[in-house]
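The chain contents come next:
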Amino acid sequence: HFFCFSMYGQNLASLQKGWGGLGYSPDLTSHSELEKELFKEWSKEGKPDELWLLIAADSEAGKADYEIAKAKRQKMIKDLEKQLIRGRRNDSHLYRSQRYLKKHFLQTYDPFASYWDMFSSKRYNSAIATLLYSEVFTHFGIPHERWSNAVYSYIRVDPRGMDEYIDPLDKPED
């Protein structure tokens, strides 16, 4: 169903045209109304909204859930911008980000949690927690890299040589 992650850079119309050129005309199927809407918007605009893409992966999430997640994400960035004052050390930024994310999004580990579950019930797994950390670090310009395999994910953060590893399942150190 959800091939969007691997086809991120292309628009839906060009993908359909490409498959048609090979003599194959796939029917687009979706598992939810939100995913149907995502496909429509993607075909018009050429690039899907990343948050919409992640929320649509949960077949139970709808447009209202997407709007809730979007508002919570915007609030998260505003709150962290207030906390992350210039002149503070990078390790302070990391610690404050970890504490905030644990308090507001990452409270109950669930290996089957979806991205929407972080926003609705504060359930998470290592992969989606790693995505959330990466989003925050990208927004604040903190150099990092994500690492994952089939069962686990973590982030290596290297602002100015700190070389910290963040395991999304660990509690932030005091």
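Structural notes, computed from the coordinates.

Rules used in this analysis
Residues numbered from 1 in each chain as written. Predicted model: local features only at pLDDT ≥ 70, side-chain atom pairs only at ≥ 80, totals over all residues. Heavy atoms only, no water. Helix = DSSP H or I, 4+ residues; strand = E, 2+ residues; numbered from the N terminus. Buried < 20%, exposed > 50% of the residue type's maximum accessible area, 1.4 Å probe, protein only. Contact = heavy atoms within 4.5 Å. Areas by Shrake-Rupley, 256 points an atom, 1.4 Å probe, with all protein chains shown as cover. Polar contact = N/O pair within 3.5 Å; in protein donor to acceptor, adjacent residues only side chain to side chain. Expected span 1.5 Å × (residues − 1).

## Notes on the overall build of the chain
When you go through the chain residue by residue, the secondary structure sums to seven helices and five strands. Along its sequence from the N terminus, the chain presents helices and strands in the succession α-α-α-α-α-β-α-β-α-β-β-β. Across the 174 residues of the chain, 37% fall into the buried class. For the chain, restricting intrachain contacts to residue pairs at least 6 apart in sequence, the fraction spanning at least 24 positions comes to 50%. Accessible area of the chain: about 10,400 Å², with a carbon and sulfur share of 49%.

## Notes on the side chain of Ser126
With respect to the element layout, Ser126 can be found in helix H7 (residues 126–139). Here Ser126 falls in the buried class, since its relative accessible area comes to 4%. A distance of 3.1 Å separates the side chain of Ser126 from the backbone nitrogen of Ser153, its partner in a polar contact.

## Thoughts on H7
For H7, which comprises 14 residues, the first-to-last C-alpha distance of 20 Å matches the rise-based estimate of 20 Å (1.5 Å per residue) to within 8%. Taken together, the buried positions of H7 are Ser126, Ile128, Ala129, Thr130, Leu132, Tyr133, Ser134, Val136 and Phe137. The opening residue of H7 is Asn125, an N-cap whose side-chain oxygen sits 3.0 Å from the backbone nitrogen of Ala127. Gly141 occupies a position one or two residues after H7 and carries a positive phi of about 70°.

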